[in-house]
Amino acid sequence: MTSAAAPDPPSESTTSLVLASRGDALTPYLFRALAERFDISGQMSVDLTTRQRYTVALTTFRPSRTAWVEKFYKSSRAYGYRSANAAHRLADIKVPFDLVFQIHALFDVPDTTSALYIDCTHRQSAANWPAWNPLSGDELERWYARERAEYHRAAHLFAFCEPTRRSLVEEYGVPEERVTTTYAGVNLDQMPALDADPRPEQGVGVPTILFIGNDFVRKGGEDLLKAFRIVRAAIPNARLQLVGTDPHIAAQEGVEVLGRINDRARIEELYRGASVFTVTSYFDPFPLVLLEAMAFGLPVVSSRTCGIPEIVEDGVTGKMVDAGDVDAIAAALIQTLSDPEAARQAGLAGRVRVEKLYTWDAVVDRMTPALVKAHGRPQA
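Residues numbered from 1 in each chain as written. Predicted model: local features only at pLDDT ≥ 70, side-chain atom pairs only at ≥ 80, totals over all residues. Heavy atoms only, no water.

Which residues make up the overall build of the protein chain, and what values go with them?
Each helix and strand counted, the protein chain has 14 helices and twelve strands in total. What you see for the protein chain is a C-alpha radius of gyration of 22 Å, in line with the 21 Å of a compact globule of 380 residues. Counting only C-alpha atoms, the protein chain reaches 80 × 55 × 35 Å along its principal axes. When burial is assessed residue by residue, the protein chain has 52% of its 380 residues classed as buried. Counting every atom, the protein chain has about 17200 Å² of accessible surface; 51% of that belongs to carbon and sulfur. For the protein chain, the centre of its 41 positive side-chain charges and the centre of its 48 negative side-chain charges are spaced 5 Å apart. (Helix = DSSP H or I, 4+ residues; strand = E, 2+ residues; numbered from the N terminus. Rg over C-alpha atoms; globule rule 2.2 N^0.38 Å. Buried < 20%, exposed > 50% of the residue type's maximum accessible area, 1.4 Å probe, protein only. Areas by Shrake-Rupley, 256 points an atom, 1.4 Å probe, with all protein chains shown as cover. Lys, Arg positive; Asp, Glu negative; His and termini not counted. Charge placed at Lys NZ, Arg CZ, Asp CG, Glu CD.)

As structure tokens, this is what we get:
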């Protein structure tokens, strides 16, 4: 008598996913890469309805816009609404599926086998940038308990960077074998073409520093302004272009405040016109804007915080400094602007690094073994 052959293990071609997000900018790029590898039974946005947004806004109001935004996104009411939206939209998906793939932990998809993609934990943000922690007392403890329960329920967790992986394991007690560092990808439909020879308008004639970020203080913008005064003393024709939320700063020689720009063609012009890209954040789990700058062949000057050392290869694709060290920021920028050929080589090395490690296809490559293994895993 012969025994029945063991069934073949599941593969990506037999693993079906439901993709869930609250509308993050990376969502379409990651979901597209997942759809090329896995069967997709459905996609759902769990973001708040207009009525829900008004309700949460009214119940979380704070005079400080920054505090209000954090309280809004991390309120129990908002979490409950998103989770309810997820349950309702999941019920509308009639095609069978094996796993819900969820971006971030600001909502829950109950009674399903799930995998979560996490940029940072709340314990990370509370410890490293208190402005991102609008909660206190019992409310904070309830958030931690909810977060921990969601992490432990998940079949697998994917971390943007090593600090996040360590937090999940060491601070939330998730077994190491259920957490994988996968990084993130560059949010571009295709890699931009690089010019073989730099043109004068590409920052050679006008040494140009580019900063893009909506959280000016957290991303080191105030330190950058101080450092730029030193840069201008050494390189009088240098300019600094600031893109993002208007920081409402006093006029400063050589500084161009461009504000928020939604036109991708204009952003591309700025990348192509820059000599160096900089973001010297105090806390920045895995800044995708660095990947974008490197994709355009720009050398970078950045702080060595959070997951940035996993993006920037110090001395090869750019220079890393300690957050808040104005003299070091200035020195790194001056050195980069003063040696265009070395800067060009660093930019090209950065582009190669992005192509190798930080495409969404590469991210999904790292996710695939765990997603296949999680197929059919019972809930914790």
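For the packing of helix H8 (residues 221-234) against helix H12 (residues 326-338), give the residues involved together with the corresponding values.
Direction vectors running N to C along H8 and H12 enclose 45°, while the axes themselves pass 8 Å from each other. As judged from the angle between their axes, H8 and H12 are oblique. Along this stretch, H8 crosses H12, giving a crossing that reads as right-handed. In contact with Asp223, Leu224, Lys226, Ala227, Ile230, Val231 and Ala234 of H8, H12 contributes Val326, Asp327, Ile329, Ala330, Leu333, Ile334 and Leu337. Across the contact of H8 with H12, the residue classes break down as eleven nonpolar, no polar and three charged. (Axes fitted to C-alpha atoms, helices over the stretch in contact; angles between N-to-C directions. Parallel < 35°, antiparallel > 145°, perpendicular 65-115°, else oblique. Left-handed = near helix turned anticlockwise from the far one by under 90°. Contact = heavy atoms within 4.5 Å. Nonpolar A, V, L, I, M, F, W, Y, C, P; charged D, E, K, R; others polar.)

Give a detailed account of helix H4 (residues 76-91), specifying residues and quantitative values.
The periodicity of an α-helix, 3.6 residues per turn, causes residues three or four places apart in sequence to face the same way. In a regular helix each residue adds 1.5 Å, so 16 residues correspond to 22 Å; H4 covers 23 Å between its end C-alpha atoms and thus fits that length. Along H4, the residues that are buried comprise Ala78, Tyr79, Arg82, Ser83, Asn85, Ala86 and Leu90. Down the axis, H4 shows its buried residues gathered within 155° of arc, on one side only. Along its buried surface, H4 packs onto strand E1 (16-21), strand E2 (39-45), helix H2 (50-60), helix H3 (65-73), strand E3 (99-103) and helix H6 (137-153). (Expected span 1.5 Å × (residues − 1). Arc of directions from axis to C-beta.)

Talk me through the sheet that holds strand E5 (residues 156-159); I want residue IDs and the actual numbers.
Pairing is parallel in the open sheet, where six strands are placed in the order E2-E1-E3-E4-E5-E6. Only two strands of the sheet have a single partner each, and these edge strands are E2 and strand E6 (179-181). Across this sheet, the average inter-strand angle for adjacent strands is 20°, counted without regard to direction. Looking at chain direction, E3 and strand E4 (residues 114-118) are connected through four bridges and run parallel. In the sheet register, Phe101 faces E4, and the bridge partner there is Ala115. Each of E1, E2 and E3 is contacted by H4, which is oriented at about 140° to E2, the strand it contacts most. (Pairing = 2+ DSSP bridges.)

Quick rundown of the nonpolar core? Include the residues and the values.
Formed by 78 residues in total, the largest nonpolar core has its most connected members in Leu30, Leu34, Phe101, Tyr117, Tyr271 and Phe277. Residue contributions to this core peak at eight residues, all from helix H14 (residues 360-374). Look past the residues within four positions of Phe101 in its chain and what remains in contact with it is Val18, Leu19, Ala20, Leu30, Phe31, Leu34, Ala115, Tyr117, Phe158, Met367 and Leu371. Core analysis: the second largest hydrophobic core is formed by 19 residues, Tyr79, Ala105, Leu106 and Ala126 among them. (Core = buried A, V, L, I, M, F, W, Y, C linked by side-chain atoms within 4.5 Å.)

Quick rundown of the packing of helix H1 (residues 27-35) against H14? Include the residues and the values.
Packing of H1 against H14 brings their axes to within 9 Å, and their N-to-C directions diverge by 55°. When the axis of H1 is compared with that of H14, the two are oblique. Considering how the two elements wind past one another, H1 and H14 form a crossing that is right-handed. Residues Tyr29, Leu30, Ala33 and Leu34 of H1 touch H14, and the partners they reach there are Trp360, Asp361, Val364, Met367 and Leu371. Each residue belonging to the contact of H1 with H14 can be placed in one class, and the counts come to eight nonpolar, no polar and one charged.

Now, about the environment of Val174: what can you tell me, with residues and values included?
Here Val174 shows up in the loop between helix H7 (162-171) and E6. Between the alpha carbons of Val174 and Leu157 there is a distance of 8.9 Å; along the sequence they are 17 residues apart. If we ignore the near neighbours within four places in the chain, the residues touching Val174 are Tyr151, His152, Leu157, Leu168, Val169 and Val179.

Describe the pattern of salt bridges, with residues and values.
Inspection of every chain in the model, using the stated rule, returns 21 salt bridges. Residue Asp24 pairs with Arg22 through a salt bridge whose shortest N-O separation is 3.8 Å. Overlapping salt bridges bring together Asp215, Arg218, Lys219 and Asp284 as one network. (Salt bridge = Lys/Arg side-chain N within 4 Å of Asp/Glu carboxyl O.)

Requested: an account of H1, with residues and values cited.
Every buried residue of H1 is listed here: Thr27, Tyr29, Leu30, Phe31, Ala33 and Leu34. In this structure, the buried residues of H1 make contact with E1, E2, E3, E4 and H14.

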